[in-house]
Protein chains: 2
Amino acid sequence: MTLLRSWIETANDPECPFPLNNLPYGVFTHKDSAPRCCTAIGDKVLDLGGMQRAGLLEPLGLTEPALNGLMEQGPEAWDSLRVTLFGFLGEGSDAAAMVLPHLFPMEEVRMHLPFRVSEYTDFYSSRHHAFNVGSMFRGPENALPPNWLHIPIGYNGRASTIVVSGTDIRRPMGQIKPKEADIPFFGSSRRLDIELEMGTVVGQPSQMGKPITVAEADQMIFGYVLLNDWSARDIQAWEYQPLGPFQSKAFATSISPWVVTRAALEPFRCSPPPREVPLLPYLAEPGPMLYDINLSVTLTPSGRKAPTTITRTNFREMYYSAAQQLAHHASSGCAMRVGDLLGSGTISGPEKDSFGSLLELTWGGQEPLKLADGEERTFIEDGDRLSLEGHAQGTGYRIGFGECTGTVLPASGLPDF
Amino acid sequence: MTLLRSWIETANDPECPFPLNNLPYGVFTHKDSAPRCCTAIGDKVLDLGGMQRAGLLEPLGLTEPALNGLMEQGPEAWDSLRVTLFGFLGEGSDAAAMVLPHLFPMEEVRMHLPFRVSEYTDFYSSRHHAFNVGSMFRGPENALPPNWLHIPIGYNGRASTIVVSGTDIRRPMGQIKPKEADIPFFGSSRRLDIELEMGTVVGQPSQMGKPITVAEADQMIFGYVLLNDWSARDIQAWEYQPLGPFQSKAFATSISPWVVTRAALEPFRCSPPPREVPLLPYLAEPGPMLYDINLSVTLTPSGRKAPTTITRTNFREMYYSAAQQLAHHASSGCAMRVGDLLGSGTISGPEKDSFGSLLELTWGGQEPLKLADGEERTFIEDGDRLSLEGHAQGTGYRIGFGECTGTVLPASGLPDF
């Protein structure tokens, strides 16, 4: 696959995240307008809601303030819309005059949460991440739990606090028990962390009581977002036994404003690593189900301009694919819904500078990271701006996700208990 | 508090679950009608949607197919509707003629899921249950996890498979690893269980980033339902480390069709047990926050008519109240939403015949229960009908929840992997 050229010249820049090949979906407002669906092309946002209202597009739910309506239309409608947009936006199109009134400069619009999140599930599917975390807590010989090589381990997360990139994040409070203390105290987290993840957006439902195959699961996926699963490690350490993470993760999860479609990522599929033990047949993959997507994270302290890249990794570092995670999720008969969001789990590569969390990058806070401007970090400090970036690199073009950022605010005061 | 008499005579029977004191809310259809909100009075269902449409009630969202609209109106509106209904239905009311066309015999209506469940969280807050389960897995000396006496432990559950009483339950499939095996297989659960719980229905939201007090949490609660958190113990045992239960619980959760309001339960508030260690101030209770509600479960094998009562316990057996659970849930800044459902956790009393799960009642399947008609059970068999019942006992009246039932169907076949 090479660059698909557009008459919007900025889209043809090889470093532009939004060439015609991409066409990610989001929700925007311009000044006081109502929120509606859009796509990105070059340095412009194309108002799909406006085009539908003008009769240029079929009624596909594009005037809604969320992508759920479009997702409900199903894969054929998604493909058909993509082809229609190629026609409108491709080099030599005769539709430019009709399209022009619906283009907005990207810097003039505000992006919103792209879809109503039905439920949020977070997985634990990166081999290196699971090994690192397990090593820290149980030693390298017992690092992987006995089920890890058989199950794409996941747990239900909290959907009410999923926010779009750019939303400030309030440092959470919670129960914390220092190692040397007998009892916990209630206070603000001192070990606030990121988790670099991709999020899978489920675009089609499955029925209650009816498991699905990995191939069916793959077809239900609408697209992917960048996802930062903010985590309070001190709250997590005290609360998570025996039933898993709860308030340590519930306070915020950030996602990118753009959902990059499965269609745009097709050229970047790649195979999983060799299986260390055979997988059960219900997890068998009909083809390559991982994606080659470059990921990185920067940290910018308050008042500084220079971001420091603290990690670089790749989505292909997963042991289990999103389709396998989704098939496992439905395996008990659990009904999946349009708008479900699946976090990949923290994506860590094999090298120390490719780990997806500060917990791993600073090895439990023991080895501070050096930042530009001479500062150091173990965990996140108030005012820090964390930003995830991701793109798949094609020949002469890239499929970008934009940014997923958040700035950490000090904890709120205690309510008057 | 004594019986509030109604001109609907069946509501004055001391054993009727739905006297005027109760007025639980639900959603019903009659023949081919659209679903809408209702209350129960004696052996009748009162069509609140119809009364709103007829101008007899304020516009409170009662024509909607879910209670969420009513809940969004807030506590003052809830109180005011209750007072209005006392006026319509109380003995000596002059409104009987206006009300009569909106009454339907209960046996002619079909009840639906009473509200759109935003998110579902399940807790682990019964001391005896936690001790029993811990004893089985870790021995009585290590039964309670170190955090248990400090935190109302909870985990996020799956909302998409919450169903109303009467819905058949498909036996789940999943990964199971027998103790003697090296690797798991994928098959249908052989240790299918109930969990006898109460569900708290959150009727008012809290803001992201803003913890709430226990007193505020209490005021956000709209009401309570019976809840059966169906659980596959064999799937759970293999999957739950390190991140908690997932597919072992995700296949189904049943709730009663009636939401009994906090107002109706006010006379039944009672105090928690003595605290074994002091609670942190954010969990301090401003008054009695538990409820005295009798609970029982029956099991009826397929083709048999005689149900066997397999346990009797009481909601006052909780260590943490629903208000404490909700305050803890929001403590990190997690936003709570209208329609959130909080499971209490399995409610077990101190005696062997007051345990809230088959896991405990048969002590891990080692001590089968004897049923009427001579059958025995360790875990649930296909065709078994499980039914939860609950009521608060007043002087000469009771506040009933109706039933929460489900019949277990055989597992679906494997998809063609």
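Residues numbered from 1 in each chain as written. Chains lettered and ligands numbered in written order. Predicted model: local features only at pLDDT ≥ 70, side-chain atom pairs only at ≥ 80, totals over all residues. Heavy atoms only, no water.

Some points on the overall build of chain A
- Within chain A, the secondary structure is distributed over 11 helices and 26 strands.
- Taken against the 2.2 N^0.38 rule, which gives 22 Å for 417 residues, the C-alpha radius of gyration of chain A at 21 Å falls within 12% of a compact globule.
- The dimensions of chain A, computed from C-alpha atoms along their principal axes, are 70 × 55 × 45 Å.
- Counting every position in chain A, which comprises 417 residues, the buried fraction comes to 64%.
- At a minimum sequence separation of 6, the contacts of chain A that also span at least 24 residues come to 71%.
- When the accessible surface of chain A is summed, it comes to about 14800 Å², and 52% of that surface belongs to carbon and sulfur atoms.
- Seen as two clouds, the 33 positive and the 48 negative side-chain charges of chain A have centres 3 Å apart. (Helix = DSSP H or I, 4+ residues; strand = E, 2+ residues; numbered from the N terminus. Rg over C-alpha atoms; globule rule 2.2 N^0.38 Å. Buried < 20%, exposed > 50% of the residue type's maximum accessible area, 1.4 Å probe, protein only. Contact = heavy atoms within 4.5 Å. Areas by Shrake-Rupley, 256 points an atom, 1.4 Å probe, with all protein chains shown as cover. Lys, Arg positive; Asp, Glu negative; His and termini not counted. Charge placed at Lys NZ, Arg CZ, Asp CG, Glu CD.)

A word on the sheet that holds strand S3 (residues 44-47) of chain B
All names here are of chain B.
- Within the open sheet, the five strands sit side by side as S4-S3-S2-S1-S5. Their pairing is antiparallel. Single-partner strands in this sheet number two, and they are strand S4 (103-105) and strand S5 (109-112). Averaged over neighbouring strand pairs, the angle between their axes works out to 45 degrees when direction is ignored.
- Across four bridges, strand S1 (residues 25-30) lies against S5 in antiparallel orientation. Each residue of the ladder has a partner; that of threonine 29, found in S5, is arginine 110. (Pairing = 2+ DSSP bridges. Axes fitted to C-alpha atoms, helices over the stretch in contact; angles between N-to-C directions.)

What about the domain arrangement of chain A?
All names here are of chain A.
- Considered domain by domain, chain A is made up of domain 1 (9-112) and domain 2 (120-409).
- Here the C-alpha centroids of domain 1 and domain 2 sit 28 Å apart.
- Taken together, the contact between domain 1 and domain 2 spans 28 residues of the former and 25 residues of the latter.
- Summed over both sides, the interface of domain 1 with domain 2 buries roughly 2000 Å², with 69% coming from carbon and sulfur.
- For domain 1, the biggest contributors to the area lost against domain 2 are Tyr25, Met71 and Trp78; these three give 26% of the whole.
- Where domain 1 packs against domain 2, one counts zero salt bridges. (Domains from an automatic or database assignment. Buried area = accessible area lost by both parts, 1.4 Å probe. Salt bridge = Lys/Arg side-chain N within 4 Å of Asp/Glu carboxyl O.)

Considering the pattern of salt bridges
- Summed over all chains, the structure comprises 48 salt bridges over all chains.
- Across the pair aspartate 384 of chain B and arginine 377 of chain B runs a salt bridge whose closest N-O atoms are separated by 2.7 Å. Assigned by exposure class, aspartate 384 of chain B and arginine 377 of chain B land together as buried.
- If you follow the salt bridges from partner to partner, you end up with Arg304, Asp373, Glu375, Arg377, Glu381 and Asp384 of chain A in one network.

What to know about the relation of the copies chain B and chain A
- Of the two same-sequence chains, chain B is brought onto chain A (RMSD 0.0 Å, axial shift 0.0 Å) by a rotation of 180 degrees. What the superposition gives is, in effect, a two-fold axis relating one chain to the other. Rotation axis and chain B: the residue whose C-alpha lies nearest the axis is glycine 244 of chain B, separated from it by 2.2 Å.
- Of the interface residues in chain B, 100% have counterparts in chain A that sit at the interface too, so the contact is made through matching surfaces. (Least-squares fit on C-alpha atoms with pLDDT ≥ 70 in both.)

A word on unusual backbone geometry
- Proline 242 of chain A follows glutamine 241 of chain A through a cis peptide bond whose omega is 0 degrees.
- By secondary structure assignment, the location of proline 242 of chain A is in the loop between helix H7 (233-239) and helix H8 (247-250).
- One non-glycine residue, aspartate 373 of chain A, lies in positive phi territory at about 75 degrees.
- Its place among the elements puts aspartate 373 of chain A in the loop between strand S23 (369-370) and strand S24 (376-377).
- In this structure, tryptophan 363 of chain B takes a positive phi of about 45 degrees despite not being glycine.
- Tracing the backbone through its elements, the reader meets tryptophan 363 of chain B in the loop between helix H11 (358-361) and strand S23 (369-370).
- Residue tryptophan 363 of chain B is classed as partly exposed on the basis of its relative accessible area, which comes to 25%.

Some words on the environment of proline 19 of chain A
Residue and element names in this part refer to chain A.
- Structurally, proline 19 is set in the segment before strand S1 (25-30).
- The spacing of proline 19 and valine 83 is 64 residues in sequence and 14 Å in space, taken between C-alpha atoms.
- In contact with proline 19, other than residues within four places in its own chain, are Leu3, Ala11, Ile41, Tyr397 and Arg398.

Focus on the interface of chain B and chain A
- Counting from both sides, the interface comprises 65 residues of chain B and, opposite them, 65 residues of chain A.
- Taken together, both faces of the contact between chain B and chain A bury some 5800 Å²; the carbon and sulfur share is 63%.
- A per-residue breakdown of the area chain B buries against chain A is headed by Arg158, Leu243 and Phe246 of chain B, which together make up 14% of the total.
- On inspection of chain B and its partner chain A, the count reaches four salt bridges.
- Linking chain B with chain A are 27 residue pairs in polar contact (both at pLDDT 80 or more), by the criterion used here. (Polar contact = N/O pair within 3.5 Å; in protein donor to acceptor, adjacent residues only side chain to side chain.)

What about the UniProt feature "binding site: Ca(2+)" (unreviewed entry) in chain A?
Residues and elements named next belong to chain A.
- The UniProt record marks Asp122, Glu195, Glu197 and Asp229 with the feature "binding site: Ca(2+)" (unreviewed entry), using the residue numbering of this structure. Maximum C-alpha separation among the annotated residues is 10.8 Å over a sequence range of 108 residues, consistent with a single clustered spot.
- Mapped onto the elements, glutamate 197 comes out in strand S13 (residues 196-202).
- On the basis of relative accessible area, glutamate 197 is assigned to the buried category, the value being 0%.
- Filtering out sequence-adjacent residues up to four positions away, glutamate 197 remains in contact with Tyr120, Asp122, Val225, Leu226, Leu227, Asp229, Gly343, Ser344, Gly345, Thr346, Ile347 and Leu388.
- The topology assignment puts aspartate 229 in the loop between strand S14 (221-228) and strand S15 (231-232).
- The contact partners of aspartate 229, leaving out residues within four places of it in the chain, are Tyr120, Asp122, Tyr155, Ile194, Glu195, Glu197, Lys249 and Thr253. (UniProt positions renumbered as here; feature names shortened; annotations may be inferred.)

Topic: the sheet that holds strand S2 (residues 36-41) of chain A
All names here are of chain A.
- One open sheet accounts for five strands, arranged S4-S3-S2-S1-S5; its pairing is antiparallel. Because the sheet does not close on itself, it has two edges, and the strands there are strand S4 (103-105) and strand S5 (109-112). On average, each strand axis in the sheet is tilted by 45 degrees relative to the strand beside it, whichever way the strands run.
- As paired strands, S2 and strand S3 (residues 44-47) are joined by four bridges and run antiparallel to one another. Bridged to alanine 40 within S3 is valine 45.
- Of the strands in this sheet, S1, S2 and S3 touch helix H3 (residues 75-89), which is tilted by about 55 degrees from S1.

Brief notes about the UniProt feature "binding site: Mg(2+)" (unreviewed entry) in chain A
All names here are of chain A.
- The UniProt record annotates "binding site: Mg(2+)" (unreviewed entry) at Asp229, Lys249 and Thr253. These annotated residues cover 25 residues of sequence, and their C-alpha atoms all fall within 7.7 Å of one another, placing them together at a single site.
- Along the polypeptide, lysine 249 turns up in helix H8.
- By relative accessible area, which is 9% here, lysine 249 ends up buried.

Overview of the environment of glycine 374 of chain A
All names here are of chain A.
- In this fold, glycine 374 is placed in the loop between S23 and S24.
- A relative accessible area of 65% places glycine 374 in the exposed class.
- Separated by 74 residues in sequence, glycine 374 and threonine 300 have C-alpha atoms that sit 12 Å apart.

A few points about helix H10 (residues 322-329) of chain A
- By the criterion of burial, H10 of chain A is predominantly enclosed, with eight of the eight residues buried.
- For H10 of chain A, the set of buried residues is Ala322, Ala323, Gln324, Gln325, Leu326, Ala327, His328 and His329 of chain A.

Details of the packing of aromatic side chains
- Scanning all chains against the criterion turns up 26 aromatic pairs over all chains.
- Between phenylalanine 246 of chain A and phenylalanine 123 of chain B the ring centres are 5.9 Å apart and the planes differ by 85 degrees, which places this aromatic pair in the edge-to-face class. With phenylalanine 246 of chain A in the loop between H7 and H8 and phenylalanine 123 of chain B in strand S6 (residues 120-123), this residue pair bridges two chains.
- With a centroid separation of 6.5 Å and an interplanar angle of 45 degrees, the aromatic rings of phenylalanine 355 of chain A and tryptophan 363 of chain A are classed as tilted.
- Ring pairs connect the aromatic residues Tyr25, Trp78 and Phe222 of chain A, which therefore count as one cluster.
- Stacked on the ring of tyrosine 319 of chain B, the Lys or Arg arginine 275 of chain B has its end atom at 4.7 Å from the ring centre. (Phe/Tyr/Trp six-rings, centres within 6.5 Å; stacked < 30°, edge-to-face > 60°. Lys NZ or Arg CZ within 6 Å of the ring centre and 35° of its normal.)

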